[in-house]
Amino acid sequence: MSTIDKIKELKRERDAVILAHYYVEDEVQAIADYVGDSFYLSKIAAKAEARTILFCGVSFMGESAKILSPQKTVIMPDMQADCPMAHMADIGQIQKMREEYDDLAVVCYINSTAELKTHSDVCVTSSNALKIVRELPNQHIYFIPDENLGRYVASQVPEKQFIFNDGFCHVHRDITSEHVRKAKETHPQAKILVHPECTPDVVGMADYIGSTSGIIDAVAKSQAEEFIICTELGVLYELKQKNPGKRFYPAGHQQFCPNMKRITLEKVADALEKMENTVEMDEETRIRANKPLERMLTLGS
Ligand code: 13P
Ligand code: SF4
C-alpha cells in the first residue's frame, strides 16, 4: 500500500483531520484536509469535529490546537519540529514591563510557547495583528516575541506606544534588502510580496505586506504576472497551483524553515499509526494560555 493510501485509511480509523501550514513540504500540503496560515488553522482547530487533530507544523501550532480543543487528541508528525522564535521572550521581562506601565497590553504573536501565552493579554497572528492592536483599549503595547512583526504593527498604529522584544525568525531575517534589490533589478516588472517577519528595510520595499494567506490572496487578485516572494518558499505550492500563468522568484537563497521541513509523509503515517506524539499540557497552563487565544479569535474575526 502506498504511504498516501495508508494515511487515508488511518485517518478514517482514527477519526482524524489533518491540518497543514503553507511552509510544509508540497506532498504533505497535498494530503491535508485544511492548509492555511496560522490564524486560519487555529480557527479550524478550535471548531474541529474529528476526534483527532494531526497538525503538520511546528510545536506552537500543535500546542495552540490543544489549548483551543482540549477534548481532542492532538498529534504531531515530528515532536522536534519547533519554531526557535517561539522561545525568544522572557517572563521576568514581561513582569518588569507590567510594573513599569499601568496600562500595558502584552501582545503575544502566536509563534510562542504555551507558557509565554499564559503571561499575555492577547495573541495575534500576522493576519490579524493590526486589527487587534487597534481595538485594544491600552496605550502601551509590549509586543513579544517577534521584533520585526512588532515594528511593522507599530508603523501602522502610530497612535500607540510600543515596547519591542528582540525575538526574530531566522528564515525571514536572512532575506536581505540587497537580495530584494537584486531580484527587482533582474525582474523589474515583478511585484514584491513580503511577510511582516522580514526586517523593516525589506518590509519598506514591499508592494504588499501580509501573512502567507494574505500573500496568496494578493497574487490571485493582482493583474501582475511576476512576483518576488519574501517568505518561506512552501507558499509556492499553493501559488503555482492557483496561478499557473504567473511567475514567482525567491528573493534570497535560504528561504526554507528547517523545522517545518521535518514533516514528511512517512512521519504523518507513523504518527497516525502509533498515536504516540500527542500534545500534552497541564490543565492550569492550558486554561491560562487559552484566554489570550480566545480573545484573539473574538477580536481578530
Ligand atoms: P502565517 O502563516 O500566519 O503568515 O505565519 C508564518 C509563520 O512563520 C508560521 O510559522
Ligand atoms: Fe518559526 Fe520562522 Fe519557521 Fe515560521 S518560518 S516556524 S517563524 S522559524
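Structure: above.
Residues numbered from 1 in each chain as written. Chains lettered and ligands numbered in written order. Predicted model: local features only at pLDDT ≥ 70, side-chain atom pairs only at ≥ 80, totals over all residues. Heavy atoms only, no water.

In this section: the site of ligand 1. Contacts to ligand 1 come from 14 residues, most closely from His-21, Ser-38, His-195, Glu-197 and Thr-212. Note that an oxygen atom of ligand 1 is positioned 3.0 Å from one of the side-chain N or O atoms of Ser-126. Residue Glu-197 places a side-chain N or O atom 3.0 Å away from an oxygen atom belonging to ligand 1. Look at ligand 1: alone it shows 300 Å² of surface, and the protein chains cover 96% of it. Its residues placed into classes, the shell around ligand 1 shows five nonpolar, seven polar and two charged. (Near = heavy atom within 4 Å. Polar contact = N/O pair within 3.5 Å; in protein donor to acceptor, adjacent residues only side chain to side chain. Areas by Shrake-Rupley, 256 points an atom, 1.4 Å probe, with all protein chains shown as cover. Nonpolar A, V, L, I, M, F, W, Y, C, P; charged D, E, K, R; others polar.)

Each pair of packed helices can be summarised by the angle the axes make with each other and by the distance between the axes. At a closest axis distance of 11 Å, the pairing of helix α3 (residues 38-47) and helix α15 (residues 283-300) adopts a crossing angle of 110 degrees. It follows from the interaxial angle that α3 and α15 lie roughly perpendicular. Our pair here, α3 against α15, has a crossing hand that is left-handed. Residues Phe-39, Ser-42, Lys-43 and Ala-46 of α3 form the contact with α15, whose participating residues are Met-296, Leu-297 and Gly-300. Its residues placed into classes, the contact of α3 with α15 shows four nonpolar, two polar and one charged. (Axes fitted to C-alpha atoms, helices over the stretch in contact; angles between N-to-C directions. Helix = DSSP H or I, 4+ residues; strand = E, 2+ residues; numbered from the N terminus. Parallel < 35°, antiparallel > 145°, perpendicular 65-115°, else oblique. Left-handed = near helix turned anticlockwise from the far one by under 90°. Contact = heavy atoms within 4.5 Å.)

Right, let's get into the site of ligand 2. By nearness alone, every residue bordering ligand 2 is listed as Tyr-23, Val-58, Cys-83, Pro-84, Met-85, Asn-111, Cys-169, Glu-197, Cys-257 and Met-260. Partitioning the shell around ligand 2 into residue classes produces eight nonpolar, one polar and one charged.

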